[in-house]
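Notes for the structure review
Below are the chains, spelled out letter by letter.
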Amino acid sequence: PRVPIEPIAYYLVPAESSGIVEALPDFAALESRSDVIWARPMVQVGGKVVGAEDGLPTWMMDIMVKGPNAKEALDEAFRTVKANTVKVC
């Protein structure tokens, strides 16, 4: 390629349990980070979500993170999602 390839991790975050979305992380703050290419909600506060125990899980967040290599990008994506959860009750 004429441009450098950049290692990324892409993660569609599934609901861990069924319930109602109570709060979303600050997506604007996430997207302002230099390692986050994008972070987008796929649910709204007040929306019903389905967890794996009850059927096909609802996708809650769409995130893409870059890193020095693919493993570090994936590790950072998981850390970012863990620190910025969609709260479900």
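The structure we're discussing is the one just above.
Residues numbered from 1 in each chain as written. Predicted model: local features only at pLDDT ≥ 70, side-chain atom pairs only at ≥ 80, totals over all residues. Heavy atoms only, no water.

As a further point, take the sheet that holds strand β5 (residues 59–66). On the basis of which strands lie adjacent, the open sheet formed by three strands has the order β1-β5-β3 and antiparallel pairing. In this open sheet, the two strands that pair with only one neighbour each are β1 (8–14) and β3 (36–41). Each strand of the sheet is rotated relative to its neighbour by a mean of 10°, with strand direction disregarded. By the bridge criterion, seven bridges tie β1 to β5 in an arrangement that is antiparallel. Residue pairing in the sheet places Val13 in a bridge with Met61 of β5. (Pairing = 2+ DSSP bridges. Helix = DSSP H or I, 4+ residues; strand = E, 2+ residues; numbered from the N terminus. Axes fitted to C-alpha atoms, helices over the stretch in contact; angles between N-to-C directions.)

Relative to the elements of secondary structure, Asp35 occurs in the loop between α1 (27–31) and β3. By relative accessible area, which is 18% here, Asp35 ends up buried. Residues within four places of Asp35 in sequence aside, it is in contact with Met64, Val65, Lys66 and Glu76. (Buried < 20%, exposed > 50% of the residue type's maximum accessible area, 1.4 Å probe, protein only. Contact = heavy atoms within 4.5 Å.)

This next bit is on helix α2 (residues 70–83). The terminal C-alpha atoms of α2 lie 20 Å apart, and with 14 residues this matches the ideal 20 Å at 1.5 Å per residue to within 8%. Residues Ala73, Ala77, Thr80 and Val81 constitute the buried set of α2. Viewed end-on, α2 has its buried residues packed into an arc of 95°, placing them on one side of the element. Looking at α2, the residues exposed on the side facing more than 90 degrees away from the buried face are Lys71, Lys82 and Ala83. Packed against the buried residues of α2 are β1, α1 and β5. The distance from a side-chain oxygen at the start of α2 to the backbone nitrogen of Lys71 is 3.1 Å, and the residue carrying that oxygen is Asn69. (Expected span 1.5 Å × (residues − 1). Arc of directions from axis to C-beta. Polar contact = N/O pair within 3.5 Å; in protein donor to acceptor, adjacent residues only side chain to side chain.)

Structural measurements only, silent on function.
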